[in-house]
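Take a look at the letters that make up each chain.
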Amino acid sequence: MAGAGTPPWLERCGPSVGMVLVQLFYALVDVALKTAYGLGMRPIVFVAYRQGIAAATLLLASLATRGCTLQPMAVGARGVALLFAASLATATGQYFYFQGLHLASPSMARATTNLAPGITFAIAAVIGLEKVDIRSLRSVAKIVGTAICLAGAAIMAFFKGPGLLGAALLSATSDSDWVRGGIYLVGNAICVSIWYILQVPVCKSYLDPLSLATWMCFLATLQCAAMALFLEPNYLEIWKLTSFWEFPCILYGGVFASGANFFLQSWCIAVKGPLYSAIFTPLSAVITAMLSTLFLHEQLHVGSVLGAVTIIVGLFVVLWGKADDTKGRDLQSSDSKQTVDADCIAVRVETRTNLSEPLLPTTTDANTQLF
């Protein structure tokens, strides 16, 4: 629920509409980028420009909400080191994602983002951040869900299968490019998972979500510019926009797919909780598939559909196991940690209590907690 004074219709329908818009923004940026790549834009260039625009947008939002003061953004040496490591995972993951999008398809790229929760659980279990008890149904559900997600990714990457609907990609991809694209996309999911793990020490040192996202976008911009030195031959030439349509694509990616999604996801999670937000994640894969088929004439393959469905099933199994696990924890703990989505730089709050519960109280001071 939202705070007192919130219109009833916004309290009732706002979070659902907001999360649908978030997934629509994700889908639109994938379709737009596939078009931009056909014009010659390099993935690392788009990531750098997108992060730079997102950093500027979030900085303006931060200044507007804090009376034009930069004092809340101050961070110590340890915080800078942690933010640097986390933003490096962000920059690397986004490069992998857009490279995979370029080599494979928007539908496949968006579907593989659902791998992140399962891989995060696997990494956390290995390093001891997540307890695994094979006698517990919830632990078994998380293990099985992770295995199902990975199986779905393997199906999408290595089993293309016959085409559906008789469509054809504007720029056809070979089987080898398809597999390479799938590997890049799995690499993105691994980077996102590592990024999630890094949020534990990051948020202990730096808890302001808006300033945190601004810092990460800024550092990711610098890191992408440095990475381009090693990834691209004509360093100075790649930054030039060769088509008019590249600029609105970059602007949209930074302002809407990053900045607007940051606000929408933060608000929806604060009102309804992170589990509610996570349930909407597969919707972007469905929207992307529809838009790619209609506007890019993407060839949908049997392997893509089967893999996407398998990944989505695995995602919900992991979410069910995680939610059930959380319900069984001690309700006395009210501490929370905040994490930022590596794709859109949006804040996610994982609470030690029931994930299905809203995070904002029903008192009148709830509105002051948004930013």
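You'll find the structure just up there.
Scope of this entry: the structure provided in the associated data block. (Residues numbered from 1 in each chain as written. Predicted model: local features only at pLDDT ≥ 70, side-chain atom pairs only at ≥ 80, totals over all residues. Heavy atoms only, no water.)

Bringing the overall build of the protein chain into the picture now. Helix and strand counts for the protein chain stand at 12 helices and 4 strands. The buried share among the 371 residues of the protein chain stands at 52%. The contacts in the protein chain between residues at least 6 apart in sequence include a share of 84% that link residues at least 24 apart. For the protein chain, the computed accessible surface area is about 16300 Å², with 70% contributed by carbon and sulfur atoms. (Helix = DSSP H or I, 4+ residues; strand = E, 2+ residues; numbered from the N terminus. Buried < 20%, exposed > 50% of the residue type's maximum accessible area, 1.4 Å probe, protein only. Contact = heavy atoms within 4.5 Å. Areas by Shrake-Rupley, 256 points an atom, 1.4 Å probe, with all protein chains shown as cover.)

Let us now look at the nonpolar core. Considering soluble globular proteins, one finds that nonpolar side chains tend to be buried as a cluster. L33, I44, F46, F98, M108 and L115 are the most contacted members of the largest nonpolar core, which has 51 residues in total. Residue contacts for F98: discarding those within four places in its chain leaves L33, Y37, P43, F46, V47 and R50. L83, Y196, L212 and L219 belong to the second largest nonpolar core, which has 12 residues in total. (Core = buried A, V, L, I, M, F, W, Y, C linked by side-chain atoms within 4.5 Å.)

Quick look at the packing of helix 5 (residues 116-127) against helix 6 (residues 137-158) now. To describe two helices that pack against each other, one gives the angle between their axes and the distance between the axes. Here helix 5 crosses helix 6 at 125°, and the two axes come no closer than 9 Å. By the angle between their directions, the pair helix 5 and helix 6 is classed as oblique. In this structure, helix 5 crosses over helix 6, and the sense of that crossing is left-handed. Residues G118, I119, F121 and A122 of helix 5 form the contact with helix 6, whose own contacting residues are K142, I143, T146 and L150. Tallied by class, residues from the contact of helix 5 with helix 6 come to 5 nonpolar, 2 polar and 1 charged. (Axes fitted to C-alpha atoms, helices over the stretch in contact; angles between N-to-C directions. Parallel < 35°, antiparallel > 145°, perpendicular 65-115°, else oblique. Left-handed = near helix turned anticlockwise from the far one by under 90°. Nonpolar A, V, L, I, M, F, W, Y, C, P; charged D, E, K, R; others polar.)

It is worth spelling out the pattern of salt bridges at this point. A full pass over the atoms with the stated rule returns 5 salt bridges. The salt bridge involving D133 is made with R135; its shortest N-O contact spans 3.3 Å. The class for D133 is partly exposed, based on a relative accessible area of 31%. The closest approach of N and O atoms between D177 and R180, which form a salt bridge, is 3.0 Å. (Salt bridge = Lys/Arg side-chain N within 4 Å of Asp/Glu carboxyl O.)

One can describe the packing of helix 2 (residues 43-65) onto helix 3 (residues 77-103) by two numbers: an axis separation of 9 Å at closest approach and a directional angle of 130°. Judged on the interaxial angle alone, helix 3 and helix 2 are oblique. Relative to helix 3, the crossing made by helix 2 is right-handed. Residue-level inspection shows P43, I44, F46, V47, R50 and Q51 of helix 2 in contact with helix 3, the latter providing T90, A91, Q94, Y95, F98 and Q99. A breakdown of the residues in the contact of helix 2 with helix 3 according to their chemical character gives 7 nonpolar, 4 polar and 1 charged.

Let us now look at the environment of V305. Within the secondary structure layout, V305 lies in helix 12 (residues 302-327). On the basis of relative accessibility, which here comes to 37%, the residue V305 falls in the partly exposed class. The spatial distance from the C-alpha of V305 to the C-alpha of A289 is 9.4 Å, given a sequence separation of 16 residues.

Take the packing of aromatic side chains next. Taken as a whole, this structure holds 11 aromatic pairs when the rule is applied. A ring pair is formed by F25 and Y252, whose centres lie 6.4 Å apart and whose planes are at 80°; its orientation type is edge-to-face. Linking F25 in helix 1 (residues 8-38) with Y252 in helix 9 (residues 246-272), this pair joins segments that are 227 residues apart in sequence. An identical accessibility class is assigned to F25 and Y252; each is buried. With 5.0 Å between their ring centres and 80° between their planes, F46 and F98 make a pair best called edge-to-face. Placement of F46 in helix 2 and of F98 in helix 3 is noted, with a sequence separation of 52 residues between them. Judged by its relative accessible area of 0%, F46 falls in the buried class. Taken together, the aromatic side chains of F25, Y252 and F256 make up a single cluster linked through ring pairs. (Phe/Tyr/Trp six-rings, centres within 6.5 Å; stacked < 30°, edge-to-face > 60°.)

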